[in-house]
Amino acid sequence: ALHDAALPLVWHRDTRFLCSREAFARWAHERRQLRMEHFYRGMRKRTGLLMEPDGSPAGGAWNFDGENRKPLPRQLRGPFAAHFAQDGITAAVVALVRRRFSDHYGDIDGFDYPVTHAEAHQLWQHFLDFGLAAFGDYQDAMAEGEPYLFHARISAALNIGLLDVRCLCEEVDQAWREGRVPLNAAEGFIRQLIGWREYVHGIYWLRMPEYAGLNHLGNDRALPEFYWTGRTRMRCMQQAISQTLRLGYAHHIQRLMVTGNFALLAGIVPTAICEWYLAVYMDAFDWVELPNTLGMVMHADGGYLGSKPYCASGRYIQRMSDHCKACSYKVDHVIEDDACPFNALYWHFLIRHRPLLSTNPRLTLVYRSLDGMTASRRDAVWQRGQALLAQLDARQPL
């Protein structure tokens, strides 16, 4: 249509990324498996971030993810969050949204995101001063009443171009070299930006549009209504969803291992959960939301993006949060009526998808544990899972 109209069209390079679509396509063409870790190492070498003069990675390792999974100590809390007053334009837009979309889900009153370069840099400096040092240790932790903890909350600003990815990473590199933050924090943050963020951007443009329709596990269940209301007895889900509807924000573990994990275990149609993530999060542009949700969360691409499904029982949530203490369900029960739904649904997921998943070497120990159950125990777990899924199909909240 543009050609027919004889309009001049000039494509400009997208400065929000360090790796162009063309460069990513060249990298992908040379490889049989497109693993993020291999891409990330190349980006480290190319940028020089966290690299030694001899070309080796800082600290002798490329990845310190094993040091970044600590639960939050009982007395530790995150720094006070940075907030931004609404200027005249923002207040006018909020009033417009409130007037025209008053019946929609979510809470517009909680909007306090940075809307200018200056505000975005204030938010970034706040993280650099008060959050980054502990980010590495506790980036996977969750806590009641702590929506942000030590996370930067800059992804929305970064994705619309209010911040520059190279500048951010160079400041983090400098903070480590000056001894202001530990290496696991600096590496964990830089890996998310020049590793994962650039990687999913490349995958999106490499595989779209057919990627959006993938459904490797054959999921056919509708998205439960409580994703839109937060009305559920599962404490972790209630906290993550209510926070999302109030703030338009949840950090990566809340998305991957709580709301995403439940959608995976329950067999939700991938397009339905993708549409939900795209609708509720401030930073959810299609290029970043779709690969993360369809590939990483839902394993709908059959392992193209991630080498295994990121599924877990309630034990993981108990280990990484304090939600289970206030939950109506009991995380140490599996088949009882008051058992955490994640527990039976986890085993039910593994049983029903055994033909597709049992040959995955990263799931060998899990299936060995499943086979170690007595036949009667496996049947009881299956029946509990069936009952939970029947509740969802009947549109009854859990």
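Right above here is the structure, for reference.
Predicted, not measured: the structure shown is a model, and the values here were computed from it. Counting starts from 1 at the beginning of each chain's written sequence and moves along it residue by residue. For a predicted model such as this one, the threshold for reporting local features is a pLDDT of at least 70, and the threshold for listing and counting side-chain atom pairs is 80 or more; totals across whole chains, interfaces and linings nevertheless cover every residue. Only hydrogens and water are set aside when side-chain values are computed; all heavy atoms of the structure are taken into account.

Caption draft 1: Fine view of the overall build of the protein chain. Helix and strand content of the protein chain: 18 helices and zero strands. Taken over C-alpha atoms, the radius of gyration is set against a globule rule of 2.2 Å times the number of residues to the power 0.38. Radius of gyration (C-alpha) of the protein chain: 22 Å, near the 21 Å computed for a compact globule of 398 residues. Taken along its principal axes, the extent of the C-alpha atoms in the protein chain is 65 × 60 × 55 Å. Burial classes follow relative accessibility: with a 1.4 Å probe on protein chains only, a residue under 20% of its type's maximum area counts as buried, one over 50% as exposed, and anything between as partly exposed. Of all 398 residues assigned to the protein chain, the portion counted as buried reaches 52%. Contact definition: two residues touch when any of their heavy atoms are within 4.5 Å. Intrachain contacts of the protein chain at a sequence separation of at least 6 include 74% that bridge at least 24 residues. Summed over its atoms, the accessible surface of the protein chain is roughly 19,200 Å², and 53% of this surface lies on carbon and sulfur atoms. Counting from the N terminus, the helices are DSSP H or I runs at least four residues long and the strands are E runs at least two residues long. Throughout, the Shrake-Rupley method with a 1.4 Å probe supplies accessible areas, and for residues the shown protein chains are the sole cover considered.

Caption draft 2: Expanded view of helix α7 (residues 165-177). An expected span of 1.5 Å times one less than the residue number is assigned to each helix. Over its 13 residues, α7 runs 19 Å from end to end, which matches the ideal 18 Å to within 8%, given 1.5 Å per residue. Taken as a whole, α7 has its buried residues at Val165, Leu168, Cys169, Val172, Asp173, Ala175 and Trp176. End-on view of α7: buried residues confined to an arc of 160°, all on one side of the axis. Its side-chain oxygen 3.1 Å from the backbone nitrogen of arginine 166, aspartate 164 forms the N-cap of α7. One or two steps after α7, the chain reaches glycine 179, where phi turns positive at roughly 80°. Think of it as the arc spanned by the lines of direction from the helix axis to the C-beta atoms. We define a polar contact as two N or O atoms separated by no more than 3.5 Å, with the added condition that, inside protein, one atom must be a possible hydrogen donor and the other a possible acceptor, whereas residues neighbouring each other in sequence contribute only through side-chain atom pairs.

Caption draft 3: Local environment of the pattern of salt bridges. Salt bridges are identified by distance alone: a Lys or Arg side-chain nitrogen within 4 Å of an Asp or Glu carboxyl oxygen. Applying the stated criterion to the full structure yields 18 salt bridges. For glutamate 37, the salt bridge is made with arginine 41, and the minimal N-O distance between the two is 3.2 Å. With glutamate 37 and arginine 41 both in helix α2 (residues 36-47) and four residues apart, this pair spans about one turn of that helix. Between aspartate 283 and arginine 255 there is a salt bridge; the shortest N-O distance is 3.2 Å. On the criterion of sequence distance, the pair formed by aspartate 283 in the loop between α12 (270-280) and α13 (286-297) and arginine 255 in helix α11 (residues 252-266) is long-range, its members being 28 residues apart.

Caption draft 4: Molecular detail of the packing of aromatic side chains. Aromatic pairing here means that ring centres of Phe, Tyr or Trp (its six-membered ring) are within 6.5 Å. Orientation follows from the plane angle: under 30 degrees is stacked, over 60 is edge-to-face, and everything else is tilted. This model, assessed by the stated rule, comprises 26 aromatic pairs. Geometrically, the ring pair formed by phenylalanine 262 and phenylalanine 342 is edge-to-face, given 5.7 Å between the ring centres and 75° between the ring planes. Residue phenylalanine 262 is located in helix α11, and its partner phenylalanine 342 is located in helix α15 (residues 341-352); the two are separated by 80 residues in the primary sequence. Looking at phenylalanine 262, the relative accessible area reads 0%, which means it is buried. Chaining the aromatic ring pairs together yields one cluster made of Phe226, Tyr227, Phe262, Trp276, Tyr277, Tyr281 and Phe342. If you follow arginine 21 out to its NZ or CZ, it ends over the ring of tryptophan 205, 3.6 Å from the centre. Positioned over the ring face of tyrosine 148 is arginine 153, at 4.3 Å from the centre of the ring. Whether a charge lies above a ring is judged from NZ of Lys or CZ of Arg, which has to be within 6 Å of the ring centre and within 35 degrees of the ring normal.

Caption draft 5: Inspection of unusual backbone geometry at higher detail. Following methionine 208, the chain continues into proline 209 via a peptide bond in cis, with omega recorded as 5°. One can find proline 209 in the loop between α8 (183-207) and α9 (226-229). Even without being glycine, histidine 299 reaches a positive phi, approximately 50°. For histidine 299, the position within the fold is in the loop between α13 and α14 (314-320). Under the relative-accessibility criterion, histidine 299 is labelled buried at 4%.

Caption draft 6: Region of the structure containing the nonpolar core. Membership of the largest hydrophobic core comes to 122 residues, with the highest contact counts inside it found for Phe189, Tyr199, Tyr227, Met237 and Phe262. Beyond its immediate chain neighbours, meaning those up to four positions away, tyrosine 227 contacts Met237, Ile241, Thr259, Phe262, Ala263, Ile273 and Trp276. Core analysis: the next-biggest nonpolar cluster, separate from the first, contains five residues, Tyr148, Ala156, Leu247 and Tyr249 among them. In these notes, a set of buried Ala, Val, Leu, Ile, Met, Phe, Trp, Tyr and Cys residues joined through side-chain atoms within 4.5 Å is what counts as a nonpolar core.

Caption draft 7: Summary view of the packing of α15 against helix α17 (residues 364-372). Here the axes come from fitting lines to C-alpha atoms, over the contacting stretch only for helices, and the angles between their N-to-C directions go from 0 to 180 degrees. Relative orientation of the contacting elements α15 and α17 amounts to 100°, with a least axis distance of 11 Å. Taken together, the axes of α15 and α17 are roughly perpendicular relative to one another. For the pair formed by α15 and α17, the contact residues are Tyr346, Trp347, Leu350 and Ile351 on the first element and Val366, Tyr367, Ser369 and Leu370 on the second. Considering only residue class, the contact of α15 with α17 consists of seven nonpolar, one polar and no charged. Throughout, the term roughly parallel applies to angles under 35 degrees, roughly antiparallel to angles over 145, roughly perpendicular to angles from 65 to 115, and oblique to all others. As a working rule, the residues Ala, Val, Leu, Ile, Met, Phe, Trp, Tyr, Cys and Pro are called nonpolar, Asp, Glu, Lys and Arg charged, and the rest polar, with Gly in that last group.

Caption draft 8: Molecular detail of the packing of α7 against α8. Here α7 crosses α8 at 160°, and the two axes come no closer than 9 Å. Considered as vectors, α7 and α8 are oriented roughly antiparallel to each other. Considering how the two elements wind past one another, α7 and α8 form a crossing that is left-handed. Every residue of α8 that contacts α7 at Val165, Leu168, Cys169, Val172, Asp173 and Trp176 is listed here: Leu183, Ala186, Phe189, Ile190, Leu193, Ile194, Arg197 and Glu198. When grouped by side-chain class, the residues that make up the contact of α7 with α8 number eleven nonpolar, no polar and three charged. Helix crossings get a hand from a simple test, with the near helix turned counterclockwise from the far one by less than a right angle marking a left-handed crossing and a clockwise turn marking a right-handed one.

Caption draft 9: Examining the environment of arginine 74 more closely. Mapped onto the elements, arginine 74 comes out in the loop between α2 and α3 (88-100). Considered as a pair, arginine 74 and aspartate 322 are 248 residues apart in the sequence and their alpha carbons are 8.7 Å apart.

Caption draft 10: View of the state of the cysteines. Any two cysteine sulfur atoms lying within 2.5 Å of each other are counted as a disulfide. One pass over the full model with this rule turns up zero disulfides. Free cysteine: cysteine 169, not disulfide-bonded; nearest cysteine sulfur from cysteine 167 at 9.6 Å. With no disulfide partner, cysteine 311 has as its closest neighbouring cysteine sulfur the one in cysteine 340, 14 Å distant. Classification of cysteine 311 by relative accessible area gives buried; the value is 10%.

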